[in-house]
Amino acid sequence: MNADFFSAIEDIEKEKGINREYMYDKIRQAMLAAFRKDNPDCADNIEIILDESKKRIEMFINKTAVDSVEDPNLEIDIEAAKKITKRAKVGDTIMVPVETKKFGHNAAHAAKQVIIQGIREAERGLIYEEFTSKEHEILTGVVSRIEPRTGSVSIRISSNSEFTEAMLAPHERIKTEVLTEGDRIKVYVVEVRNSTKGPQVLISRTHPGLVKRLFELEVPEIFEGTVEIKSIAREAGSRTKMAVWSNDPNVDPIGSCVGPKGARVAEIVDELGGEKIDIINYSDIPEKYIAAALAPSEVVSVTMFEDGKSCRVIVPDSQLSLAIGKEGQNARLAAKLTGFKIDIKPESEA
């Protein structure tokens, strides 16, 4: 049985990645808890030996050999001591074996709970460490359950060999997206928290970081650092504006992101359920940057105000509705992208 026990510990270490010394420590705690359950008056004179080489588990009570026993928890009669070790003398510390198979049912159950709890804690620790390293990254998950009342989606996500269930909250879902159980989707890891119930992985499909990471995966020039994403403004499921810049004059940042025949951006649009993506050139010159951000509208002029945080943009009369966009979306995203307040006026008014 002891040999099987050590093999089981080895298997747990291989399958779950839980260090065997950690497990041995938990088993010692469990055996100690079991012994104290049946022997509540026992002091801290218990010794537990787990010998891997001999495949043996032994438990002892260290007692002092005496002529007359006053405290049976700490002392042993010299005659009884000599039956354990023939050379025993009064005053010697005698290792008295404990037969663990004599533990009562309650004690055995208590030991089992300590071991199970130890494995759970170790698993939680491994999951927390693994997913913390994936904060602000993309992971692929499988939809395992959809809550019809709230719209929350439970997603089983994996990283290397670790798995956990993460909840995609209704406000983190793309409104236009229809999900069904079994769907494989990409999610952005916003944050990993350690709670009393174990690690909580907060995920999103609406976060601008999802778009950024998707472009990094799809566009080699971004991954290599030649093309840089400077800013992203997003209204998930509808439209995204993204400002890009190249540190190599021979590399077109917009062309790199769009890809041959639009293949790269099309792949990302598909992943986001048809969300429109406007890619514009970033500029250190605010007027130039703001004019580009209002694409696809033409811009006649951009005048910066003294506060340095706002501006007035003049557009052709025929382009006014395009510059503002449906329900003000184009202007709103341009303002979010650039960080400036934008007041748009038609050319005739100016």
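Residues numbered from 1 in each chain as written. Predicted model: local features only at pLDDT ≥ 70, side-chain atom pairs only at ≥ 80, totals over all residues. Heavy atoms only, no water.

Description of the packing of helix 5 (residues 208-218) against helix 8 (residues 263-271)
Alright, step 1. It is at 10 Å that the axes of helix 5 and helix 8 come closest, and there the two elements cross at 140°. Comparing their axes, helix 8 and helix 5 come out oblique. Read as a crossing pair, helix 5 and helix 8 show a hand that is right-handed. Within the contact between the two elements, helix 5 uses Leu 214, Phe 215 and Glu 218 and helix 8 uses Arg 264, Val 265, Glu 267, Ile 268 and Glu 271.
Alright, step 2. The residue makeup of the contact of helix 5 with helix 8, split by class, is 4 nonpolar, no polar and 4 charged. (Axes fitted to C-alpha atoms, helices over the stretch in contact; angles between N-to-C directions. Helix = DSSP H or I, 4+ residues; strand = E, 2+ residues; numbered from the N terminus. Parallel < 35°, antiparallel > 145°, perpendicular 65-115°, else oblique. Left-handed = near helix turned anticlockwise from the far one by under 90°. Contact = heavy atoms within 4.5 Å. Nonpolar A, V, L, I, M, F, W, Y, C, P; charged D, E, K, R; others polar.)

Re the environment of Met 31
Alright, step 1. Relative to the elements of secondary structure, Met 31 occurs in helix 2 (residues 20-38).
Alright, step 2. Each C-alpha atom, one on Met 31 and one on Ile 115, is 9.5 Å from the other, the two residues being 84 residues apart in sequence.

Focus: the sheet that holds strand 11 (residues 239-246)
Alright, step 1. Taken together, the 3 strands give an open sheet; going across it, the order is 10-11-12, and neighbouring strands pair in mixed fashion. Sheet topology places strand 10 (227-235) and strand 12 (276-281) at the edges, where each strand pairs with a single neighbour. Averaged over all pairs of adjacent strands, the angle between strand axes in this sheet comes to 20°, irrespective of strand direction.
Alright, step 2. Of the strand pairs in this sheet, strand 11 and strand 12 are connected by 6 bridges, and their pairing is parallel. From the neighbouring strand, Val 244 faces strand 12, where its bridge partner is Asn 281.
Alright, step 3. Of the strands in this sheet, strand 10, strand 11 and strand 12 are in contact with helix 9 (residues 286-293), which crosses strand 12 at around 155°. (Pairing = 2+ DSSP bridges.)

Remarks on helix 9
Alright, step 1. Along helix 9, the positions that sit buried rather than exposed are Tyr 289, Ile 290 and Ala 293. All buried residues of helix 9 fall inside an arc of 95° around its axis, so they share one side. (Buried < 20%, exposed > 50% of the residue type's maximum accessible area, 1.4 Å probe, protein only. Arc of directions from axis to C-beta.)

Remarks on the pattern of salt bridges
Alright, step 1. Applying the stated criterion to the full structure yields 16 salt bridges.
Alright, step 2. Asp 278 is the salt-bridge partner of Arg 239, the closest N and O atoms lying 2.8 Å from each other. You can see Arg 239 sitting in strand 11 and its partner Asp 278 sitting in strand 12, a full 39 residues away along the chain.
Alright, step 3. Among the salt bridges present, the one from Lys 345 reaches Glu 349, with a minimum N-O distance of 3.9 Å.
Alright, step 4. Taking the relative accessible area as the measure of exposure, Glu 349 reaches 58% and is therefore exposed.
Alright, step 5. The network of salt bridges with shared partners includes Glu 137, Arg 213 and Glu 216. (Salt bridge = Lys/Arg side-chain N within 4 Å of Asp/Glu carboxyl O.)

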